[in-house]
Amino acid sequence: MLSKRETSMTERTVLISPSLLSCDFAQIARDVAMIEAAGADWLHVDVMDGHFVPNLTIGPPVVKAISKVATVPLDVHLMITEPARYAEAYAKAGAHVLTFHWEVAPSPEEARAVITSFRDAGIEKVGVSVNPDTPIEPIAALFDEVDLVLVMSVFPGFGGQAFMGEVLEKVRWLRAEGYEGWVEMDGGIDGETIVGCAEAGTDVFVAGSAIFGADDIPGTIAQFRSTAAERMHVG
Ligand code: DX5
Ligand code: ZN
């Protein structure tokens, strides 16, 4: 008989969430249509405020514009210091998955307040993220309250950084502790680093530069999907 972990691993589906941070911002609608046709399951949208991370990207009006042309769920990654303050704005803008960082609400009580603000705003799927140097263990208090845990495999702020393999231990820990929700990995994922991510128990794979920078984008997404699907049963 399969253990609980093996059973759930075989039931998991690979989701590829290309990061629009690497698209051509002057051609967002074109790139959304292109990446959806290429096989994207979700669209990863990186929101940066210049405080939590040393970079600024896009706000609710642009997310709303993306949601008008997108046909797959928007996976919105909030790298901002006050996620609860903007919950309603991002919900109205069309976020389907909305993820905040534990570092800006670093206790179960503070994190629950953010989660409640997201749910009250009508967000369907709530995620919590941890930076590479943030311990994963406190997230256990939120297992029953979040749909997704986003493990950062680079320090957030910029695309195109090198994958930090040491964070795979966090994914293994989440699955060993029985976390059954989505585990998403973000930063430095390519055709090689995706192998370890999948073996560790990741099921949602964000990739910006490796997808948008590929010569054959549909082929790259298909290869990521088949590699991840094959390896997620091995780990
Ligand atoms: C980094 C962002 C990532 C980024 C990933 O702060 O959260 O989503 O776009 O880009 P790559 O895949 O190029 O590392
Ligand atoms: Zn991201």
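Placed above this text is the structure.
Residues numbered from 1 in each chain as written. Chains lettered and ligands numbered in written order. Predicted model: local features only at pLDDT ≥ 70, side-chain atom pairs only at ≥ 80, totals over all residues. Heavy atoms only, no water.

Participant: Sorry if this is basic, but what is going on with the layout of surface pockets here?
Facilitator: To locate leftover empty space, one rolls a probe as large as a water molecule over the atoms. Volume-wise, the largest pocket comes out at about 250 Å³. Together, 26 residues line the largest pocket, and Phe158, Gly159, Gly160, Asp186 and Gly187 are the ones closest to its centre. For the lining of the largest pocket, the secondary structure elements donating two or more residues are strand S2 (43-48), strand S3 (74-79), strand S8 (204-207) and helix H8 (209-212). By residue class, the composition of the lining of the largest pocket is 12 nonpolar, 11 polar and 3 charged. Empty space within the second largest pocket amounts to approximately 180 Å³. Lining the second largest pocket are 13 residues, and of these Met48, Asp49, Ile80, Tyr86 and Tyr90 lie nearest its centre. Classifying every residue of the lining of the second largest pocket gives 8 nonpolar, 3 polar and 2 charged. (1 Å grid on protein atoms, 1.4 Å probe; cavity = no way out; pocket = protein on both sides within 12 Å on 5 of 7 lines; lining within 4 Å. Points joined across faces, edges and corners; volume = space filled by probe spheres on them. Helix = DSSP H or I, 4+ residues; strand = E, 2+ residues; numbered from the N terminus. Nonpolar A, V, L, I, M, F, W, Y, C, P; charged D, E, K, R; others polar.)

Participant: So what exactly am I meant to see when it comes to the coordination of the zinc ion (ligand 2) here?
Facilitator: Ideal geometry at a metal centre: 109.5 degrees between donors when four sit tetrahedrally, and 90 or 180 degrees when six sit octahedrally. The protein atoms that coordinate the zinc ion (ligand 2) are His44 (NE2), Asp46 (OD), His77 (ND1) and Asp186 (OD), at distances of 2.0 to 2.3 Å. All donors of the zinc ion (ligand 2) belong to a single chain; written as a sequence motif, their spacing is H-x1-D-x30-H-x108-D. Note that histidine 77 is positioned in strand S3 and aspartate 186 in strand S7 (residues 182-186), a separation of 109 residues in sequence. As far as the burial class goes, histidine 77 and aspartate 186 line up, both buried. (Donors = N, O, S within 2.8 Å, 3.2 Å for Na, K, Ca; no water. Buried < 20%, exposed > 50% of the residue type's maximum accessible area, 1.4 Å probe, protein only.)

Participant: Please explain the pairing of S7 as it appears in this structure.
Facilitator: When a strand is regular, its side chains alternate between the sheet's two faces. The buried count for S7 comes to 4 of 5 residues, which makes it a mostly enclosed element. Read as a crossover between parallel neighbours, the route from strand S6 (residues 148-152) over helix H6 (residues 168-176) to S7 is right-handed. Examined bridge by bridge, S7 and S8 share 3 bridges and lie parallel to one another. Each bridged residue has a counterpart across the sheet, and for glutamate 184 the counterpart in S8 is valine 204. (Right-handed = clockwise from strand over helix to strand, strands pointing away. Pairing = 2+ DSSP bridges.)

Participant: Can you walk me through the packing of aromatic side chains in this structure?
Facilitator: One pass over the full model with this rule turns up 4 aromatic pairs. On the numbers, 4.9 Å between centres and 85° between planes, the contact of tryptophan 42 with tryptophan 182 is edge-to-face. Of this pair, tryptophan 42 sits in the loop between helix H2 (28-37) and S2 while tryptophan 182 sits in strand S7, and the two are 140 residues apart along the sequence. In this structure tryptophan 42 comes out as buried when scored by relative accessible area, which is 5%. On the basis of an interplanar angle of 90° and a centroid distance of 5.8 Å, the ring pair of phenylalanine 100 and phenylalanine 118 is categorised as edge-to-face. With phenylalanine 100 in strand S4 (residues 97-101) and phenylalanine 118 in helix H5 (residues 108-120), this residue pair connects regions lying 18 residues apart in the sequence. Both residues of the pair, phenylalanine 100 and phenylalanine 118, belong to the buried class. (Phe/Tyr/Trp six-rings, centres within 6.5 Å; stacked < 30°, edge-to-face > 60°.)

From the geometry alone we can't say anything about function, so treat these as descriptive.
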